[in-house]
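Spelled out from the first residue to the last, the chains are:
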Amino acid sequence: MQFVTAQSTAEAARLLAESGGAARVLAGGTDLLVQMKSGMVEPATIIDIKKIPGMMEITEEDGGYRIGAGVPGQMLGEHAGVVALWPGVVEGCELIGSTQVQGRCTMVGNLCNASPAADSVPPMVAANAVARIEGPDGSRDVPVADIPAGPGKLNLKPGELITSIFLPARPKRASDAYLRFIPRTEMDIAVASAAVSLELAEDGSIAHARVALGAVGPKVALVEDAARAIEGTTLDDAALDALMAACRAACSPINDKRGTVEFRTQVAGVLAKRAALIAKDRAGEKQ
Amino acid sequence: MNKITREKGQFKVVGTRVKRPDGIDKVTGRAQYGADLVVPGMLTGAILRSPHAHATINSIDTSEALALPGVKAVVTRADFAALDDDEMIDIADNCLARDKVLYHGHAVAGVAAKDAQTARKALKLIKVDYTPLPHVTDVDAAMKPGAPVVQSGRQEENVQPEHSENVTGYCEFGHGDVEAGFAKADHIIERDFKTAAAHQGYIEPHACLASMTNDGKADLWCCTQGQFNVRSLCSAILDMEASQLRVTASEIGGGFGGKTTVFIEPVALALSRKSGRPVKIVMTRDEVFRATGPTVSSSSTVKIGMTKDGRITAAHAKFRYQGGAFPCATYSFGAQAAFAAYDLEAVKSEGWNALTNRPKEAAYRAPGAPMAIYAVESVVDELTQHFGLDPLEVRLKNAARENTKAAYGPTFDQIGLVATLEAAQKHPHYSAPLGENQGRGVSCGFWFNFGGNTCVTMNLNDDGTVGITEGNPDIGGSRASISMMAAEELGIPYSDVRTIIADTSSLGHNDVTDGSRVTFAVGLATIEAARDAIRKMCGRVAKIWGIDEDAVIWEDGYAKPSGPNAGDFEPMSIKEIAAISSNTGGPIAGHYEVNADGAGVSFGVHLADVEVDPETGYTQVIRYTVFQDAGKAVHPDYVEGQMQGGAVQGIGWALNEEYIYGEDGVLQNAGFLDYRVPVASDLPEIDTVILEIPNPGHPYGVRGVGETSIVPPLAALSNAVSRAAGVRLHELPMSPPKILKAITDRG
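Here the structure is a predicted model, which is why all the values come from computation and not from measurement.

Trainee: Help me out: how do you make sense of the overall build of chain A in this one?
Mentor: Of regular secondary structure, chain A possesses 11 helices and 14 strands. For 287 residues, the compact-globule formula gives about 19 Å, and the C-alpha radius of gyration of chain A, at 19 Å, lands near that figure. Taken along the three principal axes of its C-alpha coordinates, chain A extends 60 × 45 × 35 Å. For chain A, the share of sequence-separated contacts (at least 6 apart) that also reach a separation of at least 24 residues comes to 59%. Accessible surface computed for chain A: about 11800 Å², of which carbon and sulfur atoms make up 53%.

Trainee: Looking at this structure, how should I read a negative patch on the surface?
Mentor: The grouping of B:Asp84, B:Asp85, B:Asp86 and B:Glu87 at the surface amounts to a negative patch. Assessed through its relative accessible area of 49%, B:Asp86 is described here as partly exposed.

Trainee: For this particular structure, what's the right way to read the UniProt feature "domain: Aldehyde oxidase/xanthine dehydrogenase a/b hammerhead" (unreviewed entry) in chain B?
Mentor: In the UniProt entry, the feature "domain: Aldehyde oxidase/xanthine dehydrogenase a/b hammerhead" (unreviewed entry) is given for residues 28-134 of chain B. Span residues 28-134 of chain B is 23% helix and 32% strand, its end C-alpha atoms 50 Å apart.

Trainee: Got a minute to help me understand the UniProt feature "domain: FAD-binding PCMH-type" (unreviewed entry) in chain A in this structure?
Mentor: UniProt marks residues 1-172 of chain A with the feature "domain: FAD-binding PCMH-type" (unreviewed entry), using the numbering shown here. Secondary structure content for residues 1-172 of chain A is 30% helix and 26% strand, and the end C-alpha separation is 50 Å.

Trainee: Would you mind going over unusual backbone geometry with me for this structure?
Mentor: Peptide bonds are trans in most cases, and residues, glycine excluded, mostly fall at negative phi. Put simply, B:Leu732 and B:Pro733 share a cis peptide bond, and its omega is 0°. Structurally, the position occupied by B:Pro733 is in the loop between α20 (713-725) and α21 (736-746). With a phi close to 55°, A:Asn128 is a non-glycine residue in the positive phi region. For A:Asn128, the location among the structural elements is in the loop between α8 (121-126) and β6 (130-135). A positive phi angle is found at B:Phe256, which is not glycine, with a value near 55°.

Trainee: Explain the sheet that holds strand β25 (residues 619-629) of chain B to me, please; I cannot follow it from the model alone.
Mentor: Pairing between the strands of a sheet is mediated by backbone hydrogen bonds and can be parallel or antiparallel. Residues and elements named next belong to chain B. Sheet architecture is open: four strands sit in the order β16-β24-β25-β26, paired in mixed fashion. The strands lining the two open edges of the sheet, one partner per strand, are β16 (438-447) and β26 (686-691). Strand after strand, the sheet turns through a mean of 15° between neighbouring axes, direction not considered. Strand direction decides the pairing type here: β16 and strand β24 (residues 602-612), joined by 10 bridges, are antiparallel. Bridge pairing in β24 places Cys 444 opposite Val 605. Across the face of the sheet, helix α13 (residues 417-426) comes into contact with β16, β24, β25 and β26 while running at roughly 30° to β24. Packing against the sheet, helix α19 (residues 636-655) makes contact with β24, β25 and β26, and its axis sits at approximately 130° to β26.

Trainee: How should I be thinking about the pattern of salt bridges in this particular structure?
Mentor: Two side chains of opposite charge can pair, provided their charged atoms sit close to one another. Residue and element names in this part refer to chain B. Taken as a whole, this structure holds 62 salt bridges over all chains when the rule is applied. Across the salt bridge formed by Arg 440 and Asp 609, the nearest N and O atoms sit 2.8 Å from each other. Highlighted residues: Arg 440 in strand β16 and Asp 609 in strand β24, separated in sequence by 169 residues. Looking at Arg 440, the relative accessible area reads 13%, which means it is buried. On the basis of relative accessible area, Asp 609 is assigned to the buried category, the value being 4%.

Trainee: Can you help me understand the domain arrangement of chain B in this one?
Mentor: Size of an interface, as often reported, equals the accessible area lost when the parts are brought together. All names here are of chain B. Taken as a whole, chain B is organised into domain 1 (23-31 + 451-596), domain 2 (43-134 + 200-291) and domain 3 (424-443 + 602-747). Domain 2 and domain 3 are separated by 36 Å when their C-alpha centres are compared. Here domain 2 and domain 3 share an interface that buries about 870 Å² over both sides, 63% of which is from carbon and sulfur atoms. When the buried surface of domain 2 facing domain 3 is broken down by residue, His 104, Phe 289 and Arg 290 rank first, second and third, together holding 58% of it. Our enumeration of links across domain 2 and domain 3 arrives at zero salt bridges. The residue makeup of the side of domain 2 that touches domain 3, split by class, is five nonpolar, three polar and three charged.

Trainee: Would you explain the interface of chain A and chain B in this entry?
Mentor: Tallying the contact residues gives 21 residues for chain A and 23 residues for chain B. Linking chain A with chain B are six salt bridges, by the criterion used here. Close ionic contact of B:Glu615 with A:Lys273 constitutes a salt bridge, the shortest N to O distance being 2.5 Å. For the pair chain A and chain B, the interface holds 11 residue pairs in polar contact (both at pLDDT 80 or more). Here the side of chain A that touches chain B is built from residues that sort into eight nonpolar, four polar and nine charged.

Trainee: How should I be thinking about the environment of A:Ser175 in this particular structure?
Mentor: All names here are of chain A. Within the element layout of this structure, Ser 175 appears in strand β11 (residues 174-181). When its relative accessible area of 0% is taken as the criterion, Ser 175 is described as buried. In the structure, Ser 175 is positioned 103 residues away from Ile 278 in sequence and 8.9 Å away in space, judged by C-alpha atoms. Setting aside residues up to four positions removed in sequence, Ser 175 forms contacts with Pro 87, Arg 170, Val 196, Ser 197, Leu 198, Ala 279, Arg 282, Ala 283 and Lys 286.

Trainee: Would you take a moment to explain the confidence of the model for chain B for this structure?
Mentor: One rule of thumb: low pLDDT means the predicted coordinates there are not for detailed reading. The share of residues in chain B with pLDDT of 70 or more is 100%, and the mean pLDDT across the chain is 97. Across the predicted assembly, pTM comes out at 0.96 and ipTM at 0.95.

Trainee: Explanation requested: the domain arrangement of chain A in the structure shown.
Mentor: All names here are of chain A. Examined at the domain level, chain A breaks down into domain 1 (2-167) and domain 2 (180-285). Put simply, the middle of domain 1 and the middle of domain 2, counted by C-alpha atoms, are 24 Å apart. On the side of domain 2, 20 residues touch domain 1, which itself brings 21 residues to the contact. Carbon and sulfur atoms make up 61% of the area that domain 1 and domain 2 hide from each other, which totals about 1500 Å². For Glu 91, the salt bridge identified is with Arg 282, shortest N-O distance 2.9 Å. Summed over the shared surface of domain 1 and domain 2, the number is six residue pairs in polar contact (both at pLDDT 80 or more).

Thresholds, definitions, all that
Each chain has its residues counted from 1, running along the sequence as written. By the order in which they are written, chains take letters starting at A while ligands take numbers starting at 1. Residues qualify for local features only when their pLDDT is at least 70, as the model is predicted, and side-chain atom pairs are given and counted only at 80 or more; totals for whole chains, interfaces and linings, by contrast, use all residues. Values reported for side chains reflect all heavy atoms of the structure, with hydrogen atoms and water molecules removed beforehand. A helix here means a DSSP run of H or I that spans at least four residues, while a strand means a run of E at least two residues long, and both kinds are numbered starting from the N terminus. Throughout, radius of gyration means the C-alpha value; the globule benchmark is 2.2 Å times the number of residues raised to the power 0.38. Residue contacts are defined here by distance: any two heavy atoms, one from each residue, within 4.5 Å place the two residues in contact. Every accessible area reported is derived by Shrake-Rupley at a probe size of 1.4 Å, with residue values counting cover from the shown protein chains alone. Residues enter a patch when their relative accessible area is above 30% and they make no salt bridge; the linking distance is 9 Å between like charges and 5 Å between nonpolar side chains (Val, Leu, Ile, Met, Phe, Trp, Tyr). By definition here, a salt bridge exists when the distance from a side-chain nitrogen of Lys or Arg to a carboxyl oxygen of Asp or Glu is within 4 Å. Residues counted as positive are Lys and Arg, residues counted as negative are Asp and Glu, and His and the chain ends are not counted. To locate a charge, the coordinates of NZ of Lys, CZ of Arg, CG of Asp or CD of Glu are taken. Accessible area is worked out with a 1.4 Å probe on protein chains only. A residue is then buried under 20% of its type maximum, exposed over 50%, and partly exposed in between. UniProt positions are given in the numbering used here, feature names are shortened, and annotations may be inferred rather than shown by experiment. DSSP calls a pair of strands paired once it identifies at least 2 bridges connecting them. The convention used is that axes are lines fitted to C-alpha atoms, helices contributing only their stretch in contact, and that angles between N-to-C directions extend from 0 to 180 degrees. What marks off one domain from the next here is an automatic or database domain assignment. A quick way to say it: buried area is the sum, across both parts, of accessible area lost when two parts are put together, with a 1.4 Å probe. Any residue that is not Ala, Val, Leu, Ile, Met, Phe, Trp, Tyr, Cys, Pro, Asp, Glu, Lys or Arg is counted as polar, Gly included; the first ten are nonpolar and the last four charged. We call two N or O atoms a polar contact when they sit within 3.5 Å, provided that within protein one can donate a hydrogen and the other can accept it, with sequence-adjacent residues counted only if both atoms are side-chain atoms. Per-residue confidence from the predictor is given as pLDDT, running between 0 and 100.

Right, dumping it as structure tokens:
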């Protein structure tokens, strides 16, 4: 097994392309090392990307933030600017793993692990975050929503890696929230999850919304109907009922050891309702 | 017989909260656990496990594995001795499968190699030819005629013919005319219950290091609850004389009953014998879940009749347990414990054991009792709701007391149930207001406790300090408690006593650490060993003073003349006696050997408050109080720790812990991510109230406290959740999907 500390994205992309699928990218390593120890994967090459310039940085860009692929959850949670602009994304990212894991785990790693239950992905999708991809053919920007292809599968070409996530600027009276259901309070995987991002109009009603659900289908789902159900409303009971119904209609979960179809569907609606109310409160506080 | 020699108010050391002797080592990482020993020339052992839930082994070809460079030995069941005792054969068959693999993860072969990587490669090179067989993992399915037969020829004669061959045992306890009793009831409730198998969840996986030399002498270092038991089992399986196998128990990272047998130890010994090198085997967490013993899963039916003023007129329970692929007796403990808290005129308690294609169950804290008492306490609670009665009042009205004839046969001596119930009634927790979606649950709990074979040596050191040698691993603070009882009896400070755990060549046989026996039985033997040493010290002093031995008494660490008639002598301290012992007859030691009886039963009552989220079925435990009779709490911190630990394990069992099997008979959640033990943030502070109703069978009144505490949480939680959710639950664990479904179905 070979361990390479890549010095540039070009080098990392070249190594990935040359490996023919036998290489794995290492950022925080909180998924990769566990998979290696349990014998799930035996990569021929490990490409450490943390030393590539920019990977460990959060930079302001066009009123939003560009977050390097090596930035751990702990660092993101301590960045006042990102916390103020996208609190829902930060709370999703901060739910990855334990306190110890937070010192290493990254949003990009969480995205690339391609689990439908990944905690940082629904809020990134709700935020309309954009992933920057570097590969043999150069650089391209793709919405995070379009990255997952199914459990364990990504829409990335051979040799491509995600180098950063861009969280866009947003109006002043806007916020977001993420909630997941786990049977415990910590150290668990989402049985169902929901992220809601909202912009308020002058009158306090919802001008624009994005709703994303996790763990209730093969990949994180952006639920347009759920957003339409609350736009123009003040989240009155009827609007919340419509939100829940739209979310439940968008669920296509499986029965497994973590939960039933029935349970996941029902709870996804409840979480979306509660996340919407939190996001609205947060947005309303920003006068 | 009343053995009590020291009453409340007479203790100087016992009952205080002294520093634990293993604390520094454990918090600094210096304590040596099973996997921590490293010796020169050591090989790494690994186990090949069955990929099938049930299959015939046609052949095992180890030639390719042996040919791999770095592989030093491969063993299979053929490397074990021929055995004739059924129980021993079962234990050996569980360590390495014989003709069939009986569950997914069942050990088939062992490999020793120069490193872990080579050992893992070698496992892949062992060719096992299997013929898969139909399997069964559910207890009710296993009992039905026509079910796949796990092992044939294991049925006891008293099992009714309508059951499948998997049903190995049947038992029945009780007294009185049950039908006449039901006829007197104002209301009868009969319900079916299910509980899932729960694992002990000890943090330290099984680990051992075996070293056998060419002359047949062997040393085994391992994490276990009983080194003498390991020696008995391994020496039989390896066909060795016990004297040639020395077993040393490491520090132990939790056992809870699960480390009272052997899994990897005989394999490591066989590998060491074959390779001529020391061999270490350390299980992965996955192996711990798949191949060591969880407790049984159960299916039960409980019927209880009550008058409108809350008197139970009759009770009848049927408990169906599965303990995996080998016969076990846990069902009979459940059937016996079920109604222990009640003084009943008419009661019948029946139990069955069924074989399934699951790992062999191992003891887990009060084995068999929690699931039986869960079912009984659930029905009692539903009856109190039916009549609108107070749950504690009803339990007090029917409570077992001194001279109550228990459903399982004996007549109780002095017991603490009523005192415990009254303490719960008076506690502010019981009258605290509840909010919306909140409920309060009550349950009693009980465990028999045990004494058993015990042997202790007390050595007086040159400087008058004391060494205690005992033979049970310290799994719950026994080194501290034993030192305290020695200090108390000798009248010296706790800091002058050090207790160590001996290997099997350094002390006589001690039974495995189970039945909450150590503080009781080893404590009793320690007190007696101290008395033996005191007699010898008084004898030496009598010689010096030139008076009769019985004219010398022992008080507060000094030999003194018994009174004015004995003569006027300056009292001699233990230090002075030790200093001149070489002039008075040589070293001084005390010994005691006993098969201890008189382990007093222990009762507990738990109060649990929960809040259930009606939209998600999520349960939050918001307040929890444990009331338990400890007889005499030797070290209250440890006693409270046992009460809290049992409560937490029971809460996990009640809410989320379960062995989940797929259609293929494969365990789906063999890890702590999906086998959900509670994490610290899931729990409130577990409040504790220690009751002290002395056990007449112990000089200080001590009762075992380690097991009773896991019994009440199952029903306490179920009763609380049922009241909070407004719908009665009959199945554990009460995971959120089940609670939400019950709420939704209720409408």
